[in-house]
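# Topology and contacts: notes
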Amino acid sequence: MVILGKEAMKKTKHALAAFLASASLLAGAPAIAADVADMPGGPAVNELNFQPPVTKLAQELHSLHTMMLIICLVIFIAVFGVMFYSIIKHRKSKGHQPANFHESTTVEVIWTVVPFIIVILMALPATKTVVAMKDTTNADITIKVTGYQWKWGYDYLKGEGEGIKFLSTLTTPRSQIDGTAPKSNTYLQEVDNPMVVPVNKKVRLITTANDVIHSFYVPAFGIKQDAIPGFVRDTWFKAEKVGEYRGFCTELCGKEHAFMPVVVKVVSEDDYNKWVDTQKKQMAASADDPNKTYTVQELMERGQKVYASNCAVCHQPNGKGGGAFPALDGGKIVTGPVADHISIVLHGKNAMPNWSHLNDVELAAVITFERNSWSNKTGDVIQPAQVREARGNKSANAAGAAADAAKNS
């Protein structure tokens, strides 16, 4: 009896603890919800339906979704209504006897024809919308979208803005991700360079990927297109409302999959022309000269920016690394032969993707920065010519030897 009493008391304590924990969570829920706000251009608090559409395609998808739900609801009510009516009104306790028949041609015709008609009613409008989604002809602007681990690259190929290209990277502070700072209402949905397009213009998107499969998705536009390495897919949209709209990669693509949002800024035609003019001036002013010999200070300053935009998300801003990504502070690759360092940055290894899409100046700068930051004091200065030599399928050892010779001279 004493043992049973102790066991019962123990179970009671556990149950009470669970109850108190649940009560505290429920009590805190309103406070947590009160701090959450709608995301501009993204999901809203307590939103049960799709995001408000800003393209005709998205509006058609919303209408199809509503129509399908209504048809399914009618079928559900009809089938279960007849079933429960039969169960209740014709039960044995009321004296009903089961009917005795083997087959009915009429019933079989009905349950064949009626579903066929329903399927046709659903398929016709759906097919029309799907065909419209694939009609990328007569586009005003064509943009190539390239998925990288873990960011998006945009190249304006045709139309106003042709020649503009840039990378779009998450800018949510690491402190918010680590939980040491309050999260903003655009948490994990803010980037340094959003895609910019004019309102009421047909924009064709050509999607591909540099490493693994990604998927480009913007709910308000009603577009979702996979980006597959070695393949080219396309889709389109025509935004009818100025604003900023957010999406994300919807294909599991690795460690930082949750950290590659899509942000599209829709502006007026005048504002778009101003943006194009500004971008082209900036590109001309900041054009890298791959034949120039850069100073250590120039490479370190540029390398710090490249590192923050591309490497810090995995190797950490302090170079300490984490998980599958080794520490760069004192790491054997960073303090070892230059050729090995250039090779792994160009070609990748294991969980690390290749960074060959960065130009020679950016790669030379970031490698120089890594080899001379934190506790690393190699004194190595990497020039774009060395990266270009390694990139051209020439011996990376030659590039490393050149660096070592420059260091010892």
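Residues numbered from 1 in each chain as written. Predicted model: local features only at pLDDT ≥ 70, side-chain atom pairs only at ≥ 80, totals over all residues. Heavy atoms only, no water.

## Considerations on the overall build of the chain
Short version of the rule: Under the scheme used here, helices are H or I runs from DSSP no shorter than 4 residues and strands are E runs no shorter than 2 residues, and both carry numbers assigned from the N terminus. Exposure is judged per residue with a 1.4 Å probe applied to protein chains only, and the accessible area is read against the type maximum: over 50% gives exposed, under 20% gives buried, and values in between give partly exposed. The method behind every accessible area is Shrake-Rupley, applied with a 1.4 Å probe, and residues are considered shielded solely by the protein chains displayed.
What the chain contains, in helices and strands, is 12 helices and 10 strands. Expressed as a percentage of the 409 residues in the chain, the buried residues total 37%. Of the roughly 23,700 Å² that the chain leaves accessible, carbon and sulfur atoms contribute 61%.

## Details of the UniProt feature "transmembrane region" (unreviewed entry) in the chain
Worth spelling out the cut-off: UniProt positions are given in the numbering used here, feature names are shortened, and annotations may be inferred rather than shown by experiment.
Mapped onto the present numbering, the UniProt feature "transmembrane region" (unreviewed entry) falls on residues 67-88 and 109-127. Strand forms 0% of residues 67-88 and helix 100%; the C-alpha atoms that close the span are 31 Å apart. The span residues 109-127 shows a helical share of 100% and a strand share of 0%, and its end C-alpha atoms are spaced 26 Å apart.

## Observations concerning the pairing of strand 2 (residues 151-158)
Successive residues of a regular strand alternate their side chains across the two faces of the sheet. So the rule is basically this: Whether two strands pair comes down to DSSP finding at least two bridges between them.
Extensive coverage of strand 2 is indicated by the burial of six of its eight residues. Linking strand 2 to strand 3 (residues 165-168), which pair antiparallel, is a turn of six residues; within it G159 sits at a positive phi near 95°.

## Regarding the sheet that holds strand 10 (residues 261-267)
Note the following rule: Fitting a line to C-alpha atoms yields each axis, with helices limited to the stretch in contact; the angle taken between N-to-C directions then spans 0 to 180 degrees. Whether two residues are in contact is decided by their heavy atoms: any pair within 4.5 Å suffices.
Pairing is mixed in the open sheet, where five strands are placed in the order 4-10-9-6-7. In this open sheet, the two strands that pair with only one neighbour each are strand 4 (195-198) and strand 7 (223-227). Strand-to-strand twist in this sheet, taken as the mean axis angle between neighbours without regard to direction, amounts to 25°. Here strand 4 pairs with strand 10 via four bridges, running parallel. By the bridge assignment, M195 is partnered in strand 10 with V264. Sheet contacts for helix 5 (residues 269-285): strand 4 and strand 10; angle to strand 4, the most-contacted strand, approximately 135°.

## Observations regarding the nonpolar core
The test is simple: Definition of nonpolar core: a set of buried residues of the types Ala, Val, Leu, Ile, Met, Phe, Trp, Tyr and Cys, connected through side-chain atoms within 4.5 Å.
The biggest cluster of nonpolar side chains holds 38 residues, and the ones touching the most others in it are I143, Y154, Y156, M195, F216 and F221. The leading source of residues in this core is strand 10, at four residues. When residues no more than four places from it in sequence are discounted, the contact partners of Y156 are I141, T142, I143, G161, E162, G163, I164, F166, M195, V196, Y272 and W275.

## Overview of the packing of helix 6 (residues 296-310) against helix 10 (residues 360-371)
Inclusion rule: Roughly parallel covers angles under 35 degrees, roughly antiparallel covers those over 145, roughly perpendicular covers 65 to 115, and oblique covers all other angles. The residue classification treats Ala, Val, Leu, Ile, Met, Phe, Trp, Tyr, Cys and Pro as nonpolar and Asp, Glu, Lys and Arg as charged. All others, Gly included, are polar.
Where helix 6 meets helix 10, the axes come as close as 7 Å, and the angle between the chain directions of the two elements is 95°. Compared by their axis directions, helix 6 and helix 10 come out roughly perpendicular. Contact with helix 6, carried on its side by L299, M300, R302, G303, Q304, V306 and Y307, involves V361, E362, A364, A365, V366, T368, F369 and E370 of helix 10 and no other residues of that element. By residue class, the composition of the contact of helix 6 with helix 10 is nine nonpolar, three polar and three charged.

## A closer look at helix 5
Note the threshold: Any helix carries an expected span of 1.5 Å times its number of residues minus one. Picture the helix axis, draw a direction to every C-beta atom, and the arc is the one those directions span.
In this model helix 5 runs 24 Å from its N-terminal to its C-terminal C-alpha over 17 residues, within 8% of the 24 Å that 1.5 Å per residue would give. Regarding helix 5, the residues found buried are Y272, W275, V276 and Q279. For helix 5, the arc enclosing every buried residue in end-on projection is 100°, short of the 170-degree limit, so these residues lie on one face. Every exposed residue of helix 5 that faces more than 90 degrees away from the buried side is listed here: D270, K274, K281, A284 and A285.

## Here's the deal with the packing of aromatic side chains
Counted only if it meets this: Each pair of aromatic rings taken from Phe, Tyr and Trp, with Trp reduced to its six-membered ring, is defined by centres within 6.5 Å and is described as stacked if the planes are under 30 degrees apart, edge-to-face if over 60, and tilted in the remaining cases.
Applying the stated criterion across every chain, the model contains 16 aromatic pairs. Pairing Y156 with F166 gives two aromatic rings, centres 6.1 Å apart and planes at 35°, and the pair type is tilted. Of this pair, Y156 sits in strand 2 while F166 sits in strand 3, placing them 10 residues apart in sequence. By relative accessible area, which is 13% here, F166 ends up buried. Among the aromatic residues, ring-to-ring pairing joins W152, Y154, Y156, F166, F216, Y272 and W275 into one connected group.

## Focus on the layout of surface pockets
Stated precisely, the cut-off is as follows: Only protein atoms enter the 1 Å grid used here, on which a cavity is any set of points holding a 1.4 Å probe that cannot leave and a pocket is any open set flanked by protein within 12 Å on both sides along at least five of seven lines; residues with an atom within 4 Å of a point are listed as lining. Grid points are joined across faces, edges and corners, and a volume is the space filled by probe spheres set on the points. Residue ranges labeled as domains rest on an automatic or database domain assignment.
Taken as a whole, the largest pocket holds about 990 Å³ of empty space. In terms of lining, the largest pocket is formed by 28 residues, of which the most central are K165, F166, L167, R302 and E362. When residues of the lining of the largest pocket are traced back to their parent elements, those giving at least two are strand 1 (141-148), strand 2, strand 3, helix 5 and helix 6. Here the element with the most residues in the lining of the largest pocket is helix 6; it accounts for five residues. Across the lining of the largest pocket, the residue classes tally to eight nonpolar, 11 polar and nine charged. Lining the lining of the largest pocket are residues from two domains, each supplying at least three of them: domain 2 (141-173 + 189-286) and domain 3 (296-395). Of the pockets and cavities examined, the second largest pocket occupies roughly 850 Å³.

## Brief notes about the side chain of Q225
With respect to the helices and strands, Q225 occurs in strand 7. Discounting chain neighbours no more than four positions away, the residues touching Q225 are K134, T207, S215, F216, R233, D234 and T235.

## What about the sheet that holds strand 5 (residues 203-209)?
Spatially, five strands are ordered 3-2-1-5-8 in an open sheet, and the strand pairing comes out mixed. In this open sheet, the two edge strands, each paired with only one partner strand, are strand 3 and strand 8 (233-237). Strand after strand, the sheet turns through a mean of 25° between neighbouring axes, direction not considered. Here five bridges tie strand 5 to strand 8, and the two strands are oriented antiparallel to one another.

## Section: the environment of G147
Note that G147 resides in strand 1. Once residues within four sequence positions are removed from consideration, G147 is found in contact with W152, T208, A209, N210, D211 and H214.

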